[in-house]
Amino acid sequence: MALQNAYLKGIMDDVVKRNPAELEFHQAVEEVLESLEPVIEKHPEYVEAGIVERIVEPERQILFRVPWVDDSGKVQVNRGFRMEFNSAIGPYKGGLRFHPSVYAGIIKFLGFEQIFKNSLTGLPIGGGKGGSDFDPKGKSDGEVMRFCQSFMTELARHIGPDTDVPAGDIGVGGREIGFMYGQYKRIKNEFTGVLTGKGLTYGGSLVRTEATGYGLCYFTEEMLNAKGKSFKGSTVVISGSGNVAIYATQKVNDLGGKVVALSDSAGYIYDPAGVNLDTVKQIKEVERKRIKEYIKYHPNAEYHEGCAGIWNVKCDVALPSATQNELDENAAKTLVANGCIAVAEGANMPSTPGAIEVFLKEGVLFGPAKAANAGGVATSALEMSQNSMRYSWTFEEVDSKLKQIMVDIYHNASAAAKDYGYEGNLVVGANIAGFKKVAEAMKAQGVI
Ligand code: NDP
Ligand code: 2IT
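So, how was this worked out
Residues numbered from 1 in each chain as written. Chains lettered and ligands numbered in written order. Predicted model: local features only at pLDDT ≥ 70, side-chain atom pairs only at ≥ 80, totals over all residues. Heavy atoms only, no water. Helix = DSSP H or I, 4+ residues; strand = E, 2+ residues; numbered from the N terminus. Rg over C-alpha atoms; globule rule 2.2 N^0.38 Å. Buried < 20%, exposed > 50% of the residue type's maximum accessible area, 1.4 Å probe, protein only. Contact = heavy atoms within 4.5 Å. Areas by Shrake-Rupley, 256 points an atom, 1.4 Å probe, with all protein chains shown as cover. Lys, Arg positive; Asp, Glu negative; His and termini not counted. Charge placed at Lys NZ, Arg CZ, Asp CG, Glu CD. Near = heavy atom within 4 Å. Polar contact = N/O pair within 3.5 Å; in protein donor to acceptor, adjacent residues only side chain to side chain. Nonpolar A, V, L, I, M, F, W, Y, C, P; charged D, E, K, R; others polar. Pairing = 2+ DSSP bridges. Axes fitted to C-alpha atoms, helices over the stretch in contact; angles between N-to-C directions. Patch = residues over 30% accessible without salt bridge, like charges linked within 9 Å, V, L, I, M, F, W, Y side chains within 5 Å. Salt bridge = Lys/Arg side-chain N within 4 Å of Asp/Glu carboxyl O. Phe/Tyr/Trp six-rings, centres within 6.5 Å; stacked < 30°, edge-to-face > 60°.

Participant: Please give an account of the overall build of the protein chain that cites residues and values.
Facilitator: Along its length, the protein chain carries 17 helices and 12 strands. Relative to the globule expectation of 22 Å for 448 residues, the C-alpha radius of gyration of the protein chain, 21 Å, shows essentially globular dimensions. By principal-axis analysis of the C-alpha atoms, the protein chain measures approximately 60 × 55 × 45 Å. The proportion of buried residues among the 448 residues of the protein chain is 58%. Excluding contacts between residues fewer than 6 apart, the proportion of contacts in the protein chain whose partners are at least 24 apart in sequence is 72%. For the protein chain, the exposed area adds up to about 17800 Å²; of that, 50% sits on carbon and sulfur atoms. Charged side chains of the protein chain number 48 positive and 55 negative; the gap between the two group centres comes to 4 Å.

Participant: Tell me about the site of ligand 2, residues and numbers included.
Facilitator: Neighbouring ligand 2 are 14 residues; Lys93, Lys117, Lys129, Asp169 and Ser380 lie closest to it. Taking Gln114, its side chain carries an N or O atom lying 2.9 Å from an oxygen atom of ligand 2. At 2.9 Å from a nitrogen atom of ligand 2 is found a side-chain nitrogen or oxygen belonging to Asp169. In isolation ligand 2 offers 290 Å² of accessible surface; the protein chains occlude 94% of this area. Sorting the residues of the shell around ligand 2 by element identifies β3 (92-98), α5 (104-120) and α15 (375-389) as the ones contributing at least two each. Partitioned by chemical class, the residues of the shell around ligand 2 number two nonpolar, seven polar and five charged.

Participant: Which residues make up the side chain of Thr220, and what values do they have?
Facilitator: Along the chain, Thr220 turns up in helix α8 (residues 208-225). Within the structure, the side chain of Thr220 is placed 2.6 Å from the backbone oxygen of Leu216, a separation counted as a polar contact. Beyond its immediate chain neighbours, meaning those up to four positions away, Thr220 contacts Phe231, Val317, Leu319 and Ala344.

Participant: Before we move on, can you summarise the site of ligand 1 with the specific residues and values?
Facilitator: Within the structure, ligand 1 sits among 26 residues, and Asp169, Thr212, Ser265, Arg290 and Asn348 are positioned closest to it. Contact distances for ligand 1 include 2.7 Å between an oxygen atom and a side-chain N or O atom of Thr212. Within the contact set of ligand 1, an oxygen atom lies 3.4 Å away from a backbone nitrogen or oxygen of Gly346. Secondary-structure elements contributing two or more residues to the shell around ligand 1 are α8 and α9 (243-254).

Participant: So, the pairing of strand β1 (residues 60-69): which residues are in play, and what are the values?
Facilitator: Judged from the 10 bridges that link them, β1 and strand β2 (residues 75-86) form a sheet pairing that is antiparallel. Following the sheet pairing, Phe64 is matched in β2 by Gly80. The turn linking β1 back onto β2 is made up of five residues, and Gly73 within it adopts a positive phi angle of 90°.

Participant: Could you give me a rundown of the sheet that holds strand β5 (residues 164-167), with the residues and numbers involved?
Facilitator: Judged by pairing direction, the sheet is mixed, and its five strands sit side by side in the order β1-β2-β4-β3-β5 without closing on themselves. Each edge of the sheet is formed by a strand with only one pairing partner; in this case those strands are β1 and β5. Recorded for the sheet is a direction-independent mean angle of 20° between the axes of neighbouring strands. Two strands pair when backbone bridges link them, and β3 and β5 are joined in this way by four bridges, in the parallel orientation. Residue pairing in the sheet places Gly94 in a bridge with Pro166 of β5.

Participant: Tell me what's going on with the environment of Asn5, and back it up with residues and numbers.
Facilitator: Tracing the sequence through the fold places Asn5 in the segment before α1 (6-18). For Asn5, a relative accessible area of 15% translates into the label buried. The sequence separation of Asn5 and Leu36 amounts to 31 residues, and the corresponding C-alpha distance is 9.5 Å. Residues within four places of Asn5 in sequence aside, it is in contact with Glu37, Ile40 and Glu41.

Participant: I'd like to hear about a nonpolar patch on the surface, residue by residue, with values.
Facilitator: Where nonpolar side chains cluster on the molecular surface, the patch consists of Val69, Val75 and Val77 and spans about 260 Å² of accessible area. Note that Val77 resides in strand β2. For Val77, a relative accessible area of 53% gives the class exposed.

Participant: Which residues make up the packing of aromatic side chains, and what values go with them?
Facilitator: Within the structure shown, the criterion is met by 18 aromatic pairs. Judged by centre distance (5.4 Å) and plane angle (85°), the rings of Trp68 and Phe134 are edge-to-face. Remark: Phe134 occurs in the loop between β4 (126-132) and α6 (141-155) and Trp68 occurs in strand β1; sequence separation between them is 66 residues. A network of ring pairs unites the aromatic residues Phe64, Trp68, Phe98, Phe134, Phe147 and Phe151 as a single cluster.

Participant: Account for the pattern of salt bridges, with residues named and values stated.
Facilitator: Overall, the coordinates contain 21 salt bridges when judged by the stated rule. The partner of Asp71 in a salt bridge is Arg146, and the shortest N-O contact between them spans 2.7 Å. Here Asp71 is found in the loop between β1 and β2, whereas its partner Arg146 is found in helix α6, with 75 residues between them in sequence. Note that Lys292 is salt-bridged to Glu305, the shortest N-O span being 3.9 Å. Residue Lys292 is found in the loop between α10 (277-286) and α11 (294-297), and its partner Glu305 is found in strand β9 (residues 302-305); the two are separated by 13 residues along the sequence. The exposure class of Lys292 is partly exposed, given its relative accessible area of 42%. Members of the salt-bridge network, linked through shared partners, are Glu31, Glu113 and Lys370.

Read these as layout, nothing more, since geometry by itself doesn't imply function.
This is how it looks when you write it as structure tokens:
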């Protein structure tokens, strides 16, 4: 699918010119603009209000120096980012990513996607994303703490519970959120829900840790059910072995499927008996080691170097849950040839445009990231609600709200696709359903 509409093509050209060399951002914008062609034709008022020109430009871009001292006493300098993309329907909301690959183009692509994802949740949250090129791997707890404190010392002046509410993403989990929350509280002298994904002893919501993985499975189960299928008895491959992958594995097991492969950036494990989640959690969450360690505990499993090889493992359902562009056109063809019937994205933008084209053409059920992984941020919004009320819901209460949100997202994306003549195409459906609410809010609020 290439952009046909001259007006949207002009906007795309401007995005490329204004954000040179930010390839991931270009990719994310192009996919959304392609989906918007039928919307623009039907709604000239959006063109008149300059909605699309405005939505591709972050409302505010914050870049800052993050100096800290390592364990050997040496001064280190990283770069910090917060892209406050869109606040039409609520405070900026989105995670923080700490990974050496982080630069403006990655944070912009993530912040842009977050606008539509957050809109799809049905909850009042705008879009934003942040992070740093800091690499937590191999750092001591003390180093991570000093980095997080320095990062928050600058970020604190830009965020707030009604302004901008960050959370976790790659490289940012409970430990990092704790250090950042402590520093924010100390600087501002206030105890508010400024971050989500907090620990349960200081305002975190039950289910937030599990939410993205669980939500991904609730969405996928609904997508399968619509075709008379389900996870029950299926073989599943999940890439990554971090927060999203671990809790997706747990929920696939609960729903009667079997996860046979997981990965990290170095390679993947294949365990035909079904991966043992206790072992994975011990290696990844407690010891912070490599997935390769798994075969020490389960000698019948295999380890293969190179994470991309995971897509050669035969499966019924694939849930890419590591990082962007991890599943390319060839991998998609291999999955199809091996009989895969459904793919849903736990990670943000894990499938390349070529891979998505293969899935759609071959009739594979495809759940795009904005819809399929929205359970994490949706539960973050539930954490915000609980913090505002100074009250907390039970695990069952939060889990049932999460499930309902994911089922609704599936049906809203499906209905939007059908309305605009793209029945069955959830990429177009999710983009349109997410866009329309934000566009209406922007239109109502005038040119700002
Ligand atoms: P984690 O840091 O917990 O885990 C990330 C996993 O992905 C690790 O296994 C990591 O391997 C692997 N990975 C990271 N970068 C790369 C890379 N460049 N190449 C190959 N593998 C890589 O992060 P999450 O599980 O939280 O996030 C995973 C994905 O899900 C991301 O795309 C994130 O944006 C998305 N997401 C996360 C949400 C959340 O609530 N946490 C919500 C919605 C989406 P290694 O350890 O070797 O680096
Ligand atoms: O990509 C995402 O949706 C996240 N990393 C979660 C964001 C959040 O605010 O919970």
